Amino acid sequence: MNDRIYNRYLEVLNQQLDVADSSLSCPPPTDSFITHYWRLKNSASSKNSLVNLDDYRTLTLRESRTTIQDGTTGLRTWLASLVLSEYLIDTPDLIANKRILELGSGIGFLGIICASLQRLHQTTESAPPPHLWLTDANEDVLTKCRGNVQLPCNLSSTHPNVHHRLLDWTAFEHSASRSTALADMDALDEDIILGADIVFDPALIEPFVTVLALRLFKLRQNGPRVALIALTVRNPDTFQAFLDAVERAALTVEHVDYQSSGRMFLERRKVKRTRLHR
Ligand SMILES: C[S@@+](CC[C@H](N)C(=O)[O-])C[C@H]1O[C@@H](n2cnc3c(N)ncnc32)[C@H](O)[C@@H]1O
């Protein structure tokens, strides 16, 4: 999508639009079921240039057909999710036996890939895959995420430990809601934090980095955590503001050098993956 249009969308995201009075009187298109194709590394059986669909697995999502709907960007899948998924498919050891916390999960593309990889790398049926917490600030988004994860055609529906939780980063900013938010997070003991396209709104950078720092600095028996964040750089100032906030929080940033191979029928775009740790 054209980045200028996206930035304009962001501007209007928080404005209260009176639909009756505005020119936006036609409703958004209805959700569609979209099937994405993906394949494991080295799973190609054919060497010719024709795509052999037998090499691919599928992932189906009920998605919005617009970029922003009902005041949220979470009802559709964004490019950074696709690229981070591809990176994890290439490096499954990062998550195969790890407890995962995803922030701003949207309708679940990345979560479904993680759940599927965990099921594919599960060694025995008697050892269930670890916990996977998919979190978002928006209740409607989370409900749709649950519906997608549980679609019987998705391998994720067989994962017994996928959890969906409301987690709003801004709750950590205010002392009134902070202690409840912290208590809610106490039950989580993730090994790795994931996030895709959740650095886009300058106003959300501080609250998001606050949550990251809280989780990355929280002491645990199994050693330090890392966070893998994929983001599309639409506006260099927003990206720099993110890096500055991360530095103020005394977190260490490592840029991951990874080029999407386009194996998932992806358009190649400039997406940065950032690895954060304390
Ligand atoms: C651009 S979408 C990305 C969704 C998904 N990760 C993807 O890549 O397709 C941003 C997501 O961040 C969530 N979000 C926005 N503000 C948030 C907040 N304050 N706390 C937690 N999540 C938030 C939105 O609901 C939305 O799902």
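The structure this text deals with has already been given above.
Residues numbered from 1 in each chain as written. Predicted model: local features only at pLDDT ≥ 70, side-chain atom pairs only at ≥ 80, totals over all residues. Heavy atoms only, no water.

Caption draft 1: Inspection of the site of the ligand at higher detail. The immediate surroundings of the ligand are formed by 21 residues, with Ser81, Gly104, Asp136, Asp168 and Ala196 found nearest. Separating a nitrogen atom of the ligand from a backbone N or O atom of Ala196 is a distance of 2.8 Å. Residue composition of the shell around the ligand, by class: eight nonpolar, nine polar and four charged. (Near = heavy atom within 4 Å. Polar contact = N/O pair within 3.5 Å; in protein donor to acceptor, adjacent residues only side chain to side chain. Nonpolar A, V, L, I, M, F, W, Y, C, P; charged D, E, K, R; others polar.)

Caption draft 2: Structural detail: the environment of Thr30. Structurally, Thr30 can be placed in the loop between α1 (3–13) and β1 (32–38). In the structure, Thr30 is positioned 36 residues away from Thr66 in sequence and 9.1 Å away in space, judged by C-alpha atoms. (Helix = DSSP H or I, 4+ residues; strand = E, 2+ residues; numbered from the N terminus.)

Caption draft 3: Examining the pattern of salt bridges more closely. Taken as a whole and judged by the stated rule, the model has 10 salt bridges. The network of salt bridges with common partners includes Arg99, Asp189, Glu190, Asp191, Arg215 and Arg225. (Salt bridge = Lys/Arg side-chain N within 4 Å of Asp/Glu carboxyl O.)

Caption draft 4: Quick peek at the packing of aromatic side chains. Using the criterion set out here, one finds four aromatic pairs in the structure. Each ring, one from Tyr37 and one from Tyr56, has its centre 6.4 Å from the other, and the planes form 70 degrees; the classification is edge-to-face. Here Tyr37 is found in strand β1, whereas its partner Tyr56 is found in the loop between β1 and β2 (57–63), with 19 residues between them in sequence. Classification of Tyr37 as partly exposed rests on a relative accessible area of 28%. Judged by relative accessible area, Tyr56 falls into the buried class, the value being 13%. For the ring pair Tyr87 and Tyr258, a centre distance of 4.9 Å and an interplane angle of 65 degrees mean the geometry is edge-to-face. Placement of Tyr87 in helix α2 (residues 79–90) and of Tyr258 in the loop between β8 (252–256) and β9 (271–277) is noted, with a sequence separation of 171 residues between them. By relative accessible area, which is 12% here, Tyr87 ends up buried. Taken together, the ring pairs in this structure connect Trp169, Phe208 and Phe242 into an aromatic cluster. It is Arg76 that lies over the ring of Trp78; its NZ or CZ is 4.3 Å from the centre. (Phe/Tyr/Trp six-rings, centres within 6.5 Å; stacked < 30°, edge-to-face > 60°. Buried < 20%, exposed > 50% of the residue type's maximum accessible area, 1.4 Å probe, protein only. Lys NZ or Arg CZ within 6 Å of the ring centre and 35° of its normal.)

Read these as geometric descriptors, not functional statements.
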